[in-house]
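Commentary on secondary and tertiary structure
These are the residues of each chain, in order.
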Amino acid sequence: MAVLLAVSSVCALSLGTPHIPPHRLVAVVLDGDTTLAGIVVTELRLPRLVLALVAGACLGAAGLVLQEALRNPLAVPEMLGVSSGAALGVAAPLVLSLSLPAAVQPLTAIGGAALGGGLTLLAAGLGRSPSAVLLTGAAVAATLQAALLVLMVMADQLDLQLIYRYLLGSLSARTWEDVTGLWPWLLVALPALVLCAPVLSVMRLGDEDAAALGLRAQRARPAALAIAVVLIAPVTAACGPVAWVGFLAPHLARWFNPAAGAVRWLPWSAVWGAAVVVVADVPARLALAPVETPAGAWTALLGVPAGVALMRSGGRGRSGGWGRAARRRPVTSAAVRTPLPGPRRAASGAADAAPRTRAPDAVPRPRPRAADDVSGGEPGRGGIGHGCPPSSGARGTEDEG
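Residues numbered from 1 in each chain as written. Predicted model: local features only at pLDDT ≥ 70, side-chain atom pairs only at ≥ 80, totals over all residues. Heavy atoms only, no water.

1. A look at the overall build of the protein
A count of helical and extended segments in the protein gives 17 helices and zero strands. Within the protein, the proportion of its 401 residues that are buried is 43%. For the protein, the share of sequence-separated contacts (at least 6 apart) that also reach a separation of at least 24 residues comes to 71%. Roughly 21,500 Å² of accessible area belongs to the protein as shown, and the carbon and sulfur atoms make up 65% of that amount. (Helix = DSSP H or I, 4+ residues; strand = E, 2+ residues; numbered from the N terminus. Buried < 20%, exposed > 50% of the residue type's maximum accessible area, 1.4 Å probe, protein only. Contact = heavy atoms within 4.5 Å. Areas by Shrake-Rupley, 256 points an atom, 1.4 Å probe, with all protein chains shown as cover.)

2. Some words on the confidence of the model for the protein
With 76% of its residues at a pLDDT of at least 70, the protein reaches an overall mean of 78. The model gives residues 315-363 a pLDDT under 50, and that stretch makes 46 contacts with residues more than four places away or in other chains. Under a pLDDT of 50 for its full length, residues 370-401 has, in the predicted model, 32 contacts with residues more than four places off or in other chains. (pLDDT = per-residue confidence, 0-100.)

3. Section: the nonpolar core
With 89 residues, the main nonpolar core has Leu51, Leu80, Val82, Leu193, Leu231, Cys239 and Leu266 as its most contacted residues. With 17 residues, the top contributor of residues to this core is helix α3 (residues 36-70). (Core = buried A, V, L, I, M, F, W, Y, C linked by side-chain atoms within 4.5 Å.)

4. Focus on helix α12 (residues 245-256)
An α-helical segment advances 3.6 residues per turn. Residues three or four places apart therefore align on the same side. For α12, spanning 12 residues, the distance from its first C-alpha to its last is 17 Å, which sits close to the expected 16 Å at 1.5 Å a residue. The element α12 is extensively covered by neighbouring structure, given that 10 of its 12 residues are classed as buried. Buried within α12 we find Val245, Gly246, Phe247, Leu248, Ala249, Pro250, His251, Leu252, Ala253 and Arg254. Along its buried surface, α12 packs onto α3, α13 (262-286) and α14 (295-313). (Expected span 1.5 Å × (residues − 1).)

5. Brief notes about the environment of Leu64
As for its placement among the helices and strands, Leu64 is situated in helix α3. Here the alpha-carbon distance between Leu64 and Ala270, two residues 206 residues apart in the chain, equals 8.7 Å.

6. So, a nonpolar patch on the surface
Together, Leu96, Leu98, Leu100, Val150 and Met154 make up a nonpolar patch on the protein surface, roughly 470 Å² of accessible area in all. Position of Leu98 relative to the elements: it lies in the loop between α4 (82-95) and α5 (105-123). (Patch = residues over 30% accessible without salt bridge, like charges linked within 9 Å, V, L, I, M, F, W, Y side chains within 5 Å. Salt bridge = Lys/Arg side-chain N within 4 Å of Asp/Glu carboxyl O.)

7. Focus: unusual backbone geometry
A cis geometry characterises the amide bond from Thr17 onward to Pro18, with omega recorded as 5 degrees. On the secondary structure map, Pro18 appears in the loop between α1 (2-14) and α2 (25-31). The phi torsion at Arg71 lies on the positive side, around 55 degrees, for a residue other than glycine. Its place among the elements puts Arg71 in the loop between α3 and α4. You will see that Ala173, though not glycine, has its phi angle at about 60 degrees, which is positive. Examined against the element boundaries, Ala173 turns out to sit in the loop between α7 (157-167) and α8 (176-180).

8. Description of the packing of aromatic side chains
Tallied over the entire structure, the rule returns three aromatic pairs. Judged by centre distance (5.1 Å) and plane angle (85 degrees), the rings of Trp255 and Phe256 are edge-to-face. According to the relative accessible area criterion, Phe256 is partly exposed, its value standing at 42%. Here Phe256 and Trp272 contribute two aromatic rings whose centre-to-centre distance is 5.2 Å and whose plane-to-plane angle is 20 degrees, an arrangement assigned as stacked. Of this pair, Phe256 sits in helix α12 while Trp272 sits in helix α13, placing them 16 residues apart in sequence. (Phe/Tyr/Trp six-rings, centres within 6.5 Å; stacked < 30°, edge-to-face > 60°.)

9. Notes on the environment of Gly56
Summarising the element assignment, Gly56 is placed in helix α3. Judged by its relative accessible area of 0%, Gly56 falls in the buried class. Separated by 218 residues in the primary sequence, Gly56 and Ala274 place their C-alpha atoms 3.9 Å from one another. Residues contacting Gly56, with those up to four places away along its chain left out, are Val245, Ala270, Gly273, Ala274 and Val277.

10. Considering the side chain of Ser9
Looking at the secondary structure, you find Ser9 in helix α1. With sequence-adjacent residues up to four places away left out, Ser9 is seen in contact with Leu49 and Val278.

Given below as structure tokens:
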């Protein structure tokens with residue numbers, strides 16, 4: 001991971017126009033070079049790199065919180081109305097020509113994210129059922145995206161281009177001002193994450209087992225969603241909803257360490273989220289140069305197939321993850337079929353005196369009606385000579401005769 005982050009960070013700072021050799025990066029950053037290369041690195045590329053690291057870490061941690069709280073590998077911000085609500089909170093003032101200071105923009109994003117998450121919880125019965133939360137969140141997300149489309153129809157051409165690039169998740173033209181706007185929210189979210197990690201491990205067991213351990217899942221699940229909102233909304237206000245990072249990063253953390261729990265997965269999910277955004281931002285800048293593509297398009301293009309493959313593989317170990325639990329073989333009727341009881345041997349080797357019993361599914365054989373030949377009686381009547389086998393006393397008399 002250290003090598004991946006180092007290589008991707010060097011590529012993000014050195015590649016592009018102008019090209020800066022990697023051995024000059026340290027001198028350019030520390031000496032405060034006033035040339036064109038120094039200004040590009042320190043004022044454009046470096047804040048973009050820091051924002052990609054912080055945004056990816058927040059999205060990765062939020063994705064793990066949602067998946068563990070709802071016990072579903074598909075519980076991502078894009079499926080719960082949180083990202084769509086935050087995007088709506090940022091796009092609405094822009095289309096309606098409301099002049100807001102830069103410090104207030106994260107508040108509008110948090111308000112929109114809280115609106116989307118709150119509608120999801122209210123419609124799903126305050127999180128009583130994890131599956132209901134996920135399905136209801138998909139419906140709420142679709143409704144908020146429809147509201148975004150209405151705003152895009154109302155916008156003029158310039159605002160439409162800005163909204164379109166913003167909704168795909170772009171790190172273009174981000175400065176140190178965008179980075180510094182994230183720190184107050186991170187100071188609130190980090191202690192909440194530390195307190196939330198052990199609770200996620202208990203919620204993973206299920207609502208009934210969590211209640212037996214003293215945890216009320218109906219109260220813990222909205223609290224987990226609130227922490228995810230605090231993590232997602234400032235990032236969405238700064239660079240838009242970078243899609244599916246919260247889906248891929250938790251699966252990468254589980255795949256590389258399947259035997260761990262939520263406490264150990266949480267920091268690794270944040271690290272993987274940061275790596276995914278930084279790696280995706282390099283082709284976003286250079287693939288179609290001089291035209292920049294949104295980083296969210298690359299994370300969705302590469303993250304969804306990779307996340308589905310990791311979810312289906314279920315990790316490399318024998319514990320942890322949802323993939324192996326979903327693929328366990330069901331118990332069939334043949335597996336629980338009653339075995340035929342036979343003579344059982346005790347410790348001394350003697351056979352048990354219990355008689356053999358017929359298997360439940362065996363077909364009974366009809367008894368021969370030998371008495372019909374003896375007395376010529378009518379079959380089907382009781383007694384000797386009437387179709388029933390003779391008793392032991394009568395059979396002995398016949399043998400003697």
